[in-house]
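Listed below, chain by chain, are the residues.
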Amino acid sequence: MIKYKKIKANYLILILSFLFNSCAGQIAESIQVKITKIHKDSITLKAESQPEYRNSVNDKDYQGNQISGVVRTVFQDSKGNFWFGTQSGLARYDKNGLVYFVLKDYRRQKVTVHVIIEDKIGNIWIGYDRGIAKFDGNYFTMYYEKDEKKIGGLWSMTMDKKGMLWIGTTQGVYTFDGEKFSPFEIPEGKINPDVGVSTTKMVHSIIEDSKGQMWFATNGGVHIYDGTTLKNISEKDGLQSNFVGQIIESKDGNVWISTSKGLFKYDGNTVINVTDNLLNQNEGIGSILEDKKGTLWFNANKRDIYRYSNKVFTKIESKEGEFKPFPFTIYQDKQERIWFVGLKGAYRLENNVFINVNRNGPW
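Just so it is clear, the model here is predicted, and its values are computed rather than measured.

**Student:** Lay out the sheet that holds strand β17 (residues 221-225) with the relevant residues and their values.
**Tutor:** What the four strands build is an open sheet, ordered β15-β16-β17-β18; its pairing is antiparallel. The open sheet has two free edges, formed respectively by β15 (203-208) and β18 (230-233), since each of these has just one partner strand. Looking at each pair of strands side by side, their axes are set apart by 20° on average, direction ignored. Examined bridge by bridge, β15 and strand β16 (residues 214-218) share five bridges and lie antiparallel to one another. Paired with S205 across the strands is A217, a residue of β16.

Okay, structure coming up:
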């Protein structure tokens with residue numbers, strides 16, 4: 001009888017443990033990776049050796065000699081170098097000029113780079129559509145799944161305070177420890193018919209907040225992981241749209257959430273839409289940035305750029321020549337200049353004027 005009770009108790013603990021871990025978002029199965037190491041010199045092309053870039057011979061908008069037709073992201077590293085993730089790969093500008101790195105995936109196809117970050121020891125991590133890469137200054141180490149089917153396309157990536165990489169893809173969330181991708185289960189959302197790429201498991205953005213919590217922007221609202229359990233913020237909490245694009249935490253501890261129906265502020269208790277009168281139907285909010293002075297920058301209706309300070313919105317005239325930028329990422333560099341990179345290249349706001357930064361600068 002005593003033995004039976006012990007077995008029964010252990011079985012109960014096992015069941016409770018399974019339920020607890022399910023609530024926390026954990027899945028045991030991991031995915032092994034293939035690793036390829038490539039020296040930078042074998043894949044480096046100087047910009048001046050390349051033909052002049054033209055968006056299209058039929059395009060009447062401003063073109064110039066762009067860094068790329070689509071720039072997904074920009075990042076300035078601890079040495080002051082600028083990195084650009086583009087629709088056709090990776091570029092870097094340093095004191096020696098602009099170069100392109102011809103990164104290729106497991107199919108030997110050029111990659112689209114969505115995220116660039118730097119770790120504590122100066123390695124540059126690149127998140128591209130079917131894998132990730134680490135650059136140590138000389139070598140690119142490419143990591144991608146052996147199965148080539150499960151993870152899906154990478155759209156977001158961040159490194160937490162412990163050095164763990166969190167990856168958001170079209171098939172959900174994964175962590176990466178240098179050897180394997182480990183699935184991290186969060187509830188599925190719905191497909192967003194108003195965007196080009198959307199799945200029920202889409203994860204557009206991941207951040208770690210000042211308390212060490214992980215936040216996930218999905219097609220099912222926002223999910224928050226505190227190390228033990230998952231919490232969801234969605235339409236039931238006043239978000240008005242479950243299609244979330246980006247999340248940032250501001251210096252005052254508030255969290256800002258961009259959605260297809262507005263920019264929302266979350267103070268830990270209440271969700272407030274601060275952009276009720278700024279949006280066209282289904283156009284939504286794109287990228288968000290808080291600058292070093294505490295001013296919020298964002299784009300609405302794709303091309304309309306605003307700054308928000310002291311509860312006042314200021315619309316920025318963003319026309320450059322005959323072209324109005326459509327930013328995918330808004331970024332502030334170490335010189336406190338604001339960058340807008342996206343469709344048809346990179347742009348920078350200086351003295352209230354938009355400047356196109358192409359292969360020739362200005363840097």
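**Student:** Account for the sheet that holds strand β12 (residues 165-169), naming residues and giving values.
**Tutor:** One open sheet holds the nine strands; their spatial order is β7-β8-β9-β10-β1-β14-β13-β12-β11, and the pairing between them is antiparallel. Of all strands in the sheet, those with a lone pairing partner are β7 (113-118) and β11 (154-159), marking the two edges. Across this sheet, the average inter-strand angle for adjacent strands is 25°, counted without regard to direction. Bridge count between strand β1 (residues 31-39) and strand β14 (residues 180-184): two bridges; the pairing is antiparallel. Bridge pairing in β14 places Q32 opposite K180.

**Student:** For the packing of aromatic side chains, give the residues involved together with the corresponding values.
**Tutor:** Under the criterion given, the structure shown has 28 aromatic pairs. Taken together, the ring pairs in this structure connect F82, F84, Y93, W339 and W363 into an aromatic cluster. Of note, K37 hangs over the ring of Y139, and the distance from its end group to the ring centre comes to 5.3 Å. Note that R348 overlies the ring of W339, its terminal NZ or CZ placed 4.9 Å from the centroid.

**Student:** Can you break down the pattern of salt bridges residue by residue, with the values?
**Tutor:** If charged atoms from side chains of opposite charge come close, those side chains can pair. Here the structure, examined in full by the defined rule, presents ten salt bridges. Taking the shortest distance from any N to any O, the salt bridge between K161 and E208 comes out at 3.7 Å. Note that K161 is positioned in the loop between β11 and β12 and E208 in strand β15, a separation of 47 residues in sequence. Here R348 makes a salt bridge to E350, at a shortest N to O gap of 2.4 Å. Since its relative accessible area comes to 2%, R348 is described here as buried. Accessibility expressed as a relative area gives 24% for E350, which makes it partly exposed. What emerges from the salt-bridge pattern is a single network uniting D304, K315 and K324.

**Student:** Could you give me a rundown of the pairing of strand β9 (residues 131-135), with the residues and numbers involved?
**Tutor:** For β9, a buried count of four out of five residues is recorded, marking the element as mostly surrounded by other parts of the structure. Remark: two residues form the turn of the hairpin made by strand β8 (residues 124-128) and β9, two consecutive strands paired antiparallel. Pairing analysis gives four bridges linking β9 to strand β10 (residues 139-145), with the strands arranged antiparallel. When the sheet's bridge partners are listed, F135 is paired in β10 with F140. Counted between consecutive antiparallel strands, the loop separating β9 from β10 contains three residues, among which G137 sits at a positive phi close to 110°.

**Student:** How would you summarise the confidence of the model for the protein chain if you had to cite specific residues and measurements?
**Tutor:** When the pLDDT values of the protein chain are averaged, the result is 88; 87% of them are 70 or greater. In the predicted structure, residues 1-24 sits below a pLDDT of 50 and forms ten contacts with residues beyond four places in sequence or in another chain.

**Student:** Explain the nonpolar core to me, using residue names and the numbers behind them.
**Tutor:** By size, the foremost hydrophobic cluster in this structure holds 34 residues, and its most contacted members are F84, L90, I126, F140 and W339. With residues up to four places along the chain from it excluded, the contact list for F140 reads T36, K37, I38, K40, I43, L90, F101, L103, I126, K134 and F135. Within the second largest apolar cluster, 15 residues are counted, among which are V33, W125, Y174 and F176.

**Student:** Account for the side chain of S156, naming residues and giving values.
**Tutor:** Assignment of secondary structure puts S156 in strand β11. A polar side-chain atom of S156 sits 3.2 Å from the main-chain carbonyl oxygen of V203. Once you skip the residues sitting within four places of it in the chain, S156 turns out to touch V115, W166, I167, G168, V203, H204, S205 and I206.

**Student:** For the pairing of β16, give the residues involved together with the corresponding values.
**Tutor:** Taken across its five residues, β16 has five buried, putting it largely inside the fold. Residues M214, F216 and T218 of β16 are buried on one face, and the alternating residues W215 and A217, pointing to the opposite face, are buried as well. As consecutive antiparallel partners, β15 and β16 are separated by five residues, and within that stretch G212 has a phi angle of approximately 90°, a positive value. Note: β16 against β17, five bridges, orientation antiparallel. Counterpart to F216 in the pairing with β17 is H223.

**Student:** An account of the environment of V274 is needed here, citing residue identities and associated values.
**Tutor:** Of note, V274 is situated in the loop between β22 (271-273) and β23 (285-290). If near-sequence neighbours (up to four positions away) are discounted, V274 is found in contact with W256, L263, K265, Y308 and F313.

**Student:** Run through unusual backbone geometry, naming residues and quoting values.
**Tutor:** Backbone torsion omega between G361 and P362 reads 5°, so that peptide bond is classified as cis. Locating P362 in the fold gives a position in the segment after β30 (353-357). In the Ramachandran plot, N301 falls in the positive-phi region, its phi being about 55° despite a non-glycine side chain. Examined against the element boundaries, N301 turns out to sit in the loop between β24 (296-300) and β25 (304-309).

What counts and what doesn't
Residues numbered from 1 in each chain as written. Predicted model: local features only at pLDDT ≥ 70, side-chain atom pairs only at ≥ 80, totals over all residues. Heavy atoms only, no water. Pairing = 2+ DSSP bridges. Helix = DSSP H or I, 4+ residues; strand = E, 2+ residues; numbered from the N terminus. Axes fitted to C-alpha atoms, helices over the stretch in contact; angles between N-to-C directions. Phe/Tyr/Trp six-rings, centres within 6.5 Å; stacked < 30°, edge-to-face > 60°. Lys NZ or Arg CZ within 6 Å of the ring centre and 35° of its normal. Salt bridge = Lys/Arg side-chain N within 4 Å of Asp/Glu carboxyl O. Buried < 20%, exposed > 50% of the residue type's maximum accessible area, 1.4 Å probe, protein only. pLDDT = per-residue confidence, 0-100. Contact = heavy atoms within 4.5 Å. Core = buried A, V, L, I, M, F, W, Y, C linked by side-chain atoms within 4.5 Å. Polar contact = N/O pair within 3.5 Å; in protein donor to acceptor, adjacent residues only side chain to side chain.

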